[in-house]
Amino acid sequence: MKKIRVLIAKPGLDGHDRGAMVVARALRDAGMEVIYTGLRQTPEMVAESALQEDVDAVGLSILSGAHMALVPRILELLREQGQEGVAVLVGGIIPDDDVQPLKSLGVTAIFGPGTRTNEIVDVIQQATSPNDDH
Amino acid sequence: MTITERILEGDRLALARALTQIENQSPQGVDILDELYPHTGKAHILGITGPPGTGKSTLVNRLVLQLRQQSLDPGQPPPRIAVVAVDPSSPFSGGAILGDRIRMRDLAGDRGVFIRSMASRGALGGLARATGAFTQVLDAAGFDLILIETVGAGQAEVDVASAAHTTIVIDAPGLGDDVQANKAGILEIADILVVNKSDLPGAERTLHTLELALHMAQVSFQDGGLAPWETPVLATSALEGDGIGDLAAKVIAHRQYLIDSGEWKARQHVRAQMELRQELLAALWVDLLERAGEDRFELIVDEVAERRISPQQAIERMLEGPQG
């Protein structure tokens, strides 16, 4: 019986995790297993947690403006350790100009303020087809 | 290289993916377990249980930090340590929020530590069904010490005692009176009892109550053999880091006691028995449903729900097979 496993992490230094928590709760209610890491994660911590937990998707909540530094580094680390099949989603405050560059680096989706949680659930379900063994 | 070979060589990604296969009970997972089984039996398995909010994850964080600076046997390098942290699945959605990593952030970056969060997926004894299998894989992967942190457990979630060599039960001040301490269940499975949050008021009293309850138990179970292990009651403050050195020393002492007294072997036997029983029951259930037919089972359930037959009569009919 396969369950979708998702890592929800807050890389960087901002201390607002309410959004991440709301998303984690919505994913739980959609039947997913959510590994919640808490605040102030380095890219190395996020990648290593994703590996140990063998997640299907990583959700990053970033409100600090450091996304153009943090997200590429996390994608690079995931690739280095053989986890290029893991879907990476970003939520928070991401200016429109940064959306396309992030997507072309491999980010599956970017969710700004006001996103409905069931939209996030749908995107994760589509990005992690149930028989996908990475 | 096969996934089993990669695990034996210490490949962390192979290990993580094997755990997923085993958790999902895929055919590949079953094969991996079969192949790894001969390589198991070396690790010391440490169970950590206690009511919700007593500080289990925080204590695990501190204890692992401490044990990573010590040796299990004199002259040996520090143990490689794996943590399996179990949290409950929602009975409604089947989903889960696994939050034990929040308290274990000090362990990030240490390549000698591997943490895996696990949802209970409907199992009730404080563990998930595949927790025992996880410890086997981690054992084969070369971890010397495996910590199992149970879901926040009340009085009856005692499965961890048969899954572990050493069971630490954590309590905290203010959770109950001395009648609670004398009830059967979780306190009885402790090899080491810890009163965490010793910085809070009431800790002395809790410590004293537990010592008293344990003392009574030890008097009533004396059977005159080898000097039995006396369950110590320790005060810790995982938040402040107090008492962690003593706890680590007791863990190592208990491991030595198990080896010297022959109880290590006895507990391996109990564990094998429990695991086999559990798996056999599950297999028998599948087998029974196949033979009796799922439709027939549903019909019998209806009859019981409508009070036309008793549960006992239903069981007899199910066991009769499809002809009855």
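Given the structure is predicted, the values throughout are model-derived calculations rather than measurements. Within every chain, residues take consecutive numbers counted from 1 along the sequence as written. Starting at A for chains and at 1 for ligands, labels are handed out in the order in which the entities are written. Since the coordinates come from a predicted model, pLDDT governs what is reported: local features require at least 70, and pairs of side-chain atoms require 80 or more to be given and counted, while whole-chain, interface and lining totals use all residues.

1. Let's talk about the overall build of chain B
Working step 1: Within chain B one finds 12 helices and 8 strands.
Working step 2: In this setup the radius of gyration rests on C-alpha atoms only. A globule is expected at 2.2 Å times the number of residues raised to 0.38. Its C-alpha atoms give chain B a radius of gyration of 22 Å, near enough to 20 Å, the size a compact globule of 324 residues would have.
Working step 3: For chain B, the spread of C-alpha atoms along the principal axes amounts to about 65 × 55 × 45 Å.
Working step 4: Among the 324 residues that make up chain B, the fraction classed as buried is 41%.
Working step 5: What counts as a contact here is a pair of residues whose C-beta atoms, placed from the backbone, lie within 7 Å. Nonlocal contacts in chain B, meaning residues at least 24 apart in sequence, comprise 72% of its contacts between residues at least 6 apart. Every helix listed is a DSSP run of H or I at least four residues long, and every strand listed is a run of E at least two residues long, numbered separately from the N terminus. Burial in this document is a count-based property: other C-beta atoms within 10 Å of a residue's C-beta are tallied, and the residue is buried at 20 or more, exposed at 12 or fewer, or partly exposed in between, with C-beta positions derived from the backbone.

2. With respect to the interface of chain A and chain B
Working step 1: In this complex, chain A contributes 26 residues to the contact, which on the side of chain B involves 26 residues.
Working step 2: Of all the secondary structure elements, the ones that give two or more residues to the side of chain A that touches chain B are α1 (18-29), β2 (33-36) and α2 (43-53) of chain A.
Working step 3: The dominant element in the side of chain A that touches chain B, judged by the number of residues it contributes, is α2(A), at 7 residues.
Working step 4: Charged residues are taken to be Asp, Glu, Lys and Arg, nonpolar residues to be Ala, Val, Leu, Ile, Met, Phe, Trp, Tyr, Cys and Pro, and polar residues to be all remaining types, Gly included. Class assignment of the residues belonging to the side of chain A that touches chain B gives a composition of 10 nonpolar, 7 polar and 9 charged.
Working step 5: Bridge count between β2(A) and strand β3 (residues 96-98) of chain B: 3 bridges; the pairing is parallel. The residue bridging A:I35 from the neighbouring strand is B:L98, located in β3(B). Here the rule is simple: two strands pair whenever DSSP picks up at least two bridges between them.

3. Some words on the environment of A:A66
Working step 1: Among the secondary structure elements, A:A66 is positioned in the loop between β3 (57-62) and α3 (67-80).
Working step 2: Sequence-wise, A:A66 and A:E53 are 13 residues apart; in three dimensions their C-alpha atoms are separated by 25 Å.

4. Points about the confidence of the model for chain A
Working step 1: Residue-level confidence of the predictor, termed pLDDT, takes values from 0 up to 100. Put simply, chain A has an average pLDDT of 92, and 96% of its residues get 70 or more.
Working step 2: Across chain A, element-level confidence peaks in strand β1 (residues 5-9) of chain A with a mean pLDDT of 97 and bottoms out in α1(A) with 94.

5. Describing the domain arrangement of chain B
Interface size is often expressed as the accessible area that is lost when the parts come together.
Residues and elements named next belong to chain B.
Working step 1: Domain segmentation is taken from an automatic or database assignment of domains. By the assigned domains, chain B splits into domain 1 (1-39) and domain 2 (40-261).
Working step 2: The gap between the C-alpha centroids of domain 1 and domain 2 is 26 Å.
Working step 3: Residue-level contacts link 13 residues of domain 1 with 11 residues of domain 2.
Working step 4: The greatest single-element share of the side of domain 1 that touches domain 2, amounting to 6 residues, is contributed by helix α2 (residues 12-23).
Working step 5: A class-by-class count of the residues in the side of domain 1 that touches domain 2 yields 9 nonpolar, 2 polar and 2 charged.

6. A look at the nonpolar core
Working step 1: Among the nonpolar cores identified, the biggest contains 117 residues, and A:V6, A:V34, A:V58, B:V137, B:I146, B:L147 and B:I148 are the most heavily contacted of them.
Working step 2: Residue contributions to this core reach at least three from each of two domains, namely domain 1 (1-39) and domain 2 (40-261) of chain B.
Working step 3: Setting aside residues up to four positions removed in sequence, B:V137 forms contacts with B:I7, B:L15, B:A18, B:L19, B:I22 and B:L36. Put simply, a nonpolar core is buried Ala, Val, Leu, Ile, Met, Phe, Trp, Tyr and Cys residues tied into one set by C-beta atoms within 7 Å.

7. Things to note about helix α10 (residues 263-292) of chain B
Residue and element names in this part refer to chain B.
Working step 1: A helix is expected to reach a length of 1.5 Å times the quantity of its residues less one. Taking 1.5 Å per residue as the helical rise, α10 with its 30 residues ought to reach 44 Å, and the 42 Å between its terminal C-alpha atoms agrees with that figure.
Working step 2: In terms of residue burial, α10 counts as a barely covered element, since only 0 of its 30 residues are buried.
Working step 3: A positive phi of about 90° marks G293, the residue just after α10.

8. Structural notes on the sheet that holds strand β4 (residues 87-92) of chain A
Working step 1: Pairing in this open sheet of 6 strands is parallel, and the strands run β5(A)-β4(A)-β3(A)-β1(A)-β2(A)-β3(B) from one edge to the other. The sheet is open, and its two edges are formed by β5 (109-111) of chain A together with β3 of chain B, each paired on a single side. Taking each pair of neighbouring strands and ignoring which way they run, the sheet shows an average axis angle of 20°.
Working step 2: Comment: axis = line fitted to C-alpha atoms, over the contacting stretch for helices; angle = value between 0 and 180 degrees taken between N-to-C directions. Most of the contacts of α2(A) go to β1(A), to which it runs at about 160°, and overall it touches β1, β2 and β3 of chain A.

9. Details of the pairing of β2(A)
Working step 1: Alternating positions in β2(A) separate into two faces, A:E33 and A:I35 on one and A:V34 and A:Y36 on the other, with burial throughout.
Working step 2: Taking the sense of rotation as the criterion, the β-α-β connection linking β1(A), α1(A) and β2(A) turns out right-handed. Whether a crossover is right-handed depends on one test, that the path from the first strand over the helix to the second runs clockwise when the strands point away from the viewer.

10. Overview of the packing of α2(A) against α3(A)
Residues and elements named next belong to chain A.
Working step 1: The geometry of α2 relative to α3 is characterised by a closest axis approach of 9 Å and an angle of 40° between their N-to-C directions. Where α2 crosses over α3, the handedness of that crossing is right-handed. Along the contact surface, α2 presents P43, E44, V46, A47 and A50, while α3 presents L70, R73, I74, L77 and L78.
Working step 2: For the contact of α2 with α3, the per-class residue count stands at 8 nonpolar, no polar and 2 charged. The handedness criterion is simple: a crossing whose near helix is rotated anticlockwise from the far helix by less than a right angle is left-handed, and one whose near helix is rotated clockwise is right-handed.

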